[in-house]
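# Commentary on secondary and tertiary structure
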Amino acid sequence: MKRYLPFLIVALVAVLTATGGTLLYRAKRQTLAAVIPKDRPPAEEGDGEHTLGPADAIVTLEEYGDFQCPPCGALSEPLNQMVHEVPKMRIIFRHFPLVMHRNAHDAAMAAEAAGLQGHFWQMHDLLYREQSVWSKALDVRELFEGYAASIKCNVARFKRDVISDEVSARVQADQDEGTKLGVKNTPTIFVNYKPMPPGSLNPTDLRAAVNEAMKAGKPPAIK
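Described below are features of the structure shown in this document. (Residues numbered from 1 in each chain as written. Predicted model: local features only at pLDDT ≥ 70, side-chain atom pairs only at ≥ 80, totals over all residues. Heavy atoms only, no water.)

## Considering the layout of surface pockets
Quick reminder of the rule: Site definitions follow a grid-based scheme: protein atoms alone, a 1 Å grid, a 1.4 Å probe that fits but cannot get out for cavities, and for pockets an open set with protein on both sides within 12 Å along at least five of seven lines, plus lining residues having an atom within 4 Å of a point. Grid points are joined across faces, edges and corners, and a volume is the space filled by probe spheres set on the points. Runs of E in the DSSP output that reach at least two residues are strands. Runs of H or I that reach at least four are helices, and both are numbered from the N terminus. Polarity classes work like this: nonpolar for Ala, Val, Leu, Ile, Met, Phe, Trp, Tyr, Cys and Pro, charged for Asp, Glu, Lys and Arg, and polar for all others, with Gly in that last group.
Computed from the structure, the largest pocket encloses a volume of approximately 230 Å³. Asp-106, Val-140, Arg-141, Val-162 and Ile-163 are, among the 14 residues lining the largest pocket, the residues nearest its centre. For the lining of the largest pocket, the elements supplying multiple residues, two or more each, are helix H3 (104-115), helix H6 (141-150) and helix H7 (155-161). Within the lining of the largest pocket, the residues separate by chemical class into seven nonpolar, two polar and five charged.

Below, the structure written as C-alpha cells:
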C-alpha cells in the first residue's frame, strides 16, 4: 500500500485541481452573465431624461454612465460624434455613479444641477474632458462651481441646486432604474433596448450595432 501512496496522492491532487478549475470557470461564467442585463422595454420619457438627437429616432442608444469611469470618458466623444453623423439616432444618458469612485456621485449631482438651467450636455462633456483633474480632488465643490460658471450657469442657483433634494432624486431615480434592469458596471449600453456585451463597448463595435439597428428599423413599442 505504501508503494502506491504517492501515486494516490498525485491522483487526488489532480482531481481536486480539475474540480476547482471547473468551479472557477463556472463562477466566471456566472459573473459575466450577471453584468449583462436583459433586454429592456422602452422607458417612459420624463422631464429628467437627457437626450441628444431627434425624438423620432430609428435607433436609440441608452447609456448608464459614471462621470469618474475612464471607459465612459473614452466613449463620450465618439458617441457625441456618432449621434451627429448618423441620421435618425438619439442618445439617452442615465446616471449610475459607482460607490468605488469617490467623486462620481457629486459629479452626477453637478450635471443635474446644470441640467436644471439647460446645460446638462455642456457639463456632461466638460466633466469627461476634465475627468483626470476633478477625479483626484479632495473637495470638488469649487471645481464644479468653476465649471458651472464656464458654461454660463447662474452659479448662485447652481450652488443651491447641486445639494437639493430634487437633484438627488433625479440621480437616484436613474440608479434605481439601472439596478432594476441588472446594471452593475459602467458603461452599460443598450441599443434599441438590447444590452451590448461588455466586449463590444468600443466605438467600432457600437457603430456597427447602430448601423445594424438602423437597417432593421425602429423596434415596436413593448406594451
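## Points about H3
Under the convention used in this document: Multiplying 1.5 Å by the helix residue count minus one yields the expected span of that helix. When a residue's accessible area, from a 1.4 Å probe over protein chains only, is under 20% of the maximum for its type it is buried; when over 50% it is exposed; and in between it is partly exposed.
In a regular helix each residue adds 1.5 Å, so 12 residues correspond to 16 Å; H3 covers 16 Å between its end C-alpha atoms and thus fits that length. For H3, the buried fraction is high: nine of the 12 residues fall into the buried class. Taken together, the buried positions of H3 are occupied by Ala-104, Ala-107, Ala-108, Met-109, Ala-110, Ala-111, Glu-112, Ala-113 and Ala-114.

## Some words on empty space enclosed by the protein
Per the counting criterion, the structure on display carries one cavity of 30 Å³ or more. By volume, the largest cavity amounts to about 70 Å³. If you go around the largest cavity, the residues you meet are Glu-63, Cys-72, Leu-75, Ser-76, Leu-79, Asn-80, Ile-91, Phe-93, Trp-121, His-124 and Tyr-128. Looking at the lining of the largest cavity, the elements with two or more residues in it are helix H2 (70-85), strand E3 (89-95) and helix H4 (120-129). With five residues, the single largest contributor to the lining of the largest cavity is H2. Within the lining of the largest cavity, the residues separate by chemical class into seven nonpolar, three polar and one charged.

Keep in mind these numbers describe shape, not what the thing actually does.
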